[in-house]
Amino acid sequence: MFRMFKGRENSDEGSPQTPMVSSSPSMSHQSPVTGPARPIRLVYCDDKGKFRMDPEAVATLQLVKGPIGVVSVCGRARQGKSFILNQLLGRSSGFQVASTHRPCTKGLWLWSAPLKRTALDGTEYNLLLLDSEGIDAYDQTGTYSTQIFSLAVLLSSMFIYNQMGGIDEAALDRLSLVTQMTKHIRVRASGGKTTASEIGQFSPIFVWLLRDFYLDLTEDNRKITPRDYLELALRPVQGSKRDIGAKNEIRDAIRALFPDRECFTLVRPLNNETDLQRLDQISLERLRPEFRSGLDALTKFVFEKTRPKQVGATVLTGPILVGVTESYLEALNNGAVPTIASSWQSVEEAECRRAYNAATETYMSSFDRSKPPEEGSLREAHEVAVQKALAVFNGAAVGIGTVRKKYEELLQKFFRKAFEDYKRNAFMEADMRCSSTIQSMEKRLRAACHSSDANLDKVVKVLDVLLSEYEASCHGPGKWQKLAVFLQQRLVLICSFLSLS
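The structure reproduced in this document is the subject of the present report.

Definitions and cut-offs
Residues numbered from 1 in each chain as written. Predicted model: local features only at pLDDT ≥ 70, side-chain atom pairs only at ≥ 80, totals over all residues. Heavy atoms only, no water. Phe/Tyr/Trp six-rings, centres within 6.5 Å; stacked < 30°, edge-to-face > 60°. Helix = DSSP H or I, 4+ residues; strand = E, 2+ residues; numbered from the N terminus. Buried < 20%, exposed > 50% of the residue type's maximum accessible area, 1.4 Å probe, protein only. Lys NZ or Arg CZ within 6 Å of the ring centre and 35° of its normal. Axes fitted to C-alpha atoms, helices over the stretch in contact; angles between N-to-C directions. Parallel < 35°, antiparallel > 145°, perpendicular 65-115°, else oblique. Left-handed = near helix turned anticlockwise from the far one by under 90°. Contact = heavy atoms within 4.5 Å. Nonpolar A, V, L, I, M, F, W, Y, C, P; charged D, E, K, R; others polar. Salt bridge = Lys/Arg side-chain N within 4 Å of Asp/Glu carboxyl O.

### Things to note about the packing of aromatic side chains
Evaluated as defined, the whole model comprises 17 aromatic pairs. Considering the side-chain rings of Tyr363 and Phe415, the 5.2 Å spacing of their centres and the 35° angle between planes classify their relative orientation as tilted. Taken as a pair, Tyr363 in helix α12 (residues 340-366) and Phe415 in helix α14 (residues 402-449) lie far apart in primary sequence, 52 residues in all. The exposure class assigned to Tyr363 is buried, which follows from its relative accessible area of 0%. Using a relative accessible area of 1% as the deciding quantity, one classes Phe415 as buried. Where Phe367 meets Phe419, the ring centres are 6.5 Å apart and the plane angle is 40°; that geometry is what we call tilted. With Phe367 in the loop between α12 and α13 (375-396) and Phe419 in helix α14, this residue pair connects regions lying 52 residues apart in the sequence. You'll find Phe367 and Phe419 in the same group, each marked buried. Each member of the aromatic cluster is reached from another via a ring pair, and the members are Phe149, Phe159, Tyr161, Phe206, Trp208 and Phe258. In this structure, Arg41 is placed above the aromatic ring of Tyr44, and the distance from its NZ or CZ to the ring centre is 3.7 Å. Positioned above the aromatic ring of Phe303 is the side chain of Arg117, whose terminal nitrogen or guanidinium carbon lies 3.9 Å from the ring centre.

### Remarks on the packing of helix α2 (residues 81-89) against helix α10 (residues 289-305)
It is at 10 Å that the axes of α2 and α10 come closest, and there the two elements cross at 70°. Classed by the angle they form, the pair α2 and α10 counts as roughly perpendicular. With respect to the hand of their crossing, α2 and α10 are arranged in right-handed fashion. Here α2 contributes Phe83, Ile84, Gln87 and Leu88 to the contact with α10, which in turn contributes Phe291, Leu295, Leu298, Thr299, Val302 and Phe303. Looking at side-chain class alone, the contact of α2 with α10 contains eight nonpolar, two polar and no charged residues.

### Remarks on the pattern of salt bridges
Scanning the model with the defined rule gives 21 salt bridges in all. Lys423 serves as the salt-bridge partner of Glu375, at 3.2 Å between the closest nitrogen and oxygen. Of this pair, Glu375 sits in helix α13 while Lys423 sits in helix α14, and the two are 48 residues apart along the sequence. Given the relative accessible area of 10%, Lys423 is considered buried. Each of Glu375, Arg379, Glu420 and Lys423 takes part in a single network of salt bridges with overlapping partners.

If you want it as structure tokens, here you go:
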């Protein structure tokens, strides 16, 4: 009927335009995972040393529209990270478990099927499990290890650091990369150097998982919990030697970077070395009872404490996870430092823009153009279309801050302009239709008056038919005014006929 309601012709200069889709290898078209659930590569480093997202993971995550919580397991290579993830999956196999010196996991890997979970507060969310490359693999550089470690931290709701044995000086040395994270992550684009405590505001729950743990947890002849043991290990050590200062720097960084932290211990699951090398093939019933009870406690903690990842008012979803990860990787590939606030804000901008575009299209397609061009009817069609469009926008937009408010204001501006444009065109077309009908009425009335068998009854009947047809077919604010003018002008014709008759 009207051009603007046939397609997306947006004449509003303030309206945002849909951005061009990235043509980078990581965003090429790929179908999501089909068939049985399995690990899929999320992030990898290509032959040119650039970080990429695997297209299959991108396609899979785009389908996860609801809130997401991410649990990642990180640590040294070949120390059973994948085994822990498989236990969280409730299966003996899934993520590949290594039995040789070569690490199985390179980059970051994701379980393709989210676990449907309900948090203690009743929030329903999708739990994603993330397996990380060992932080000390023989073919890594120190910078690469820190970048992989930092990515896992940034993307996680809960971060499990898996290690063999207790927390000693050597264990702290292996976590020295946390002191490097402030060099590889920034909270905001502006300002000075980012501190560990600033990053800590965005950090996940940190779980230090101690495997094959054999120590008796006592302090001053009293039993202590694994959490107590962790806090004691993170207390600064007195002394002025350089190595003591370096160790205390690591302790300070861990405390500042992970304010919400916990510790779990697991005894050696089996004593037979051969069986240990094929742990994924051993049934749980054959594992030591102490190990099973510790594993149950860890699993219970993970499922109860994990929450959907959130920065500010923006809750992580599959598409947002893709956008945030892409933003972090782009910074790394350009030699820049990933900025938490900017990355999330850019994703919030993109998601709200998509929501805006979807809402405007919904308004256009939902507007009932069969309504007669009258103020009340058009207003009713407008309100129905607005409600449908707002439902689409609210279902897709993220955050509650300035970005979302900007697009909400743009959307209301679009609604007003689209409605006024349609109404103006509808009234104009209705006015033209009324004018055309009036011209036809005049011809038919003249013909009735000048007919050879004309009489008063026939002329009145013709006029009655003409008025009925006009009332049924003509609409718009000038409908009755035009009819009044017509009747006034043609009164002379009718009177002439009456005088002749």
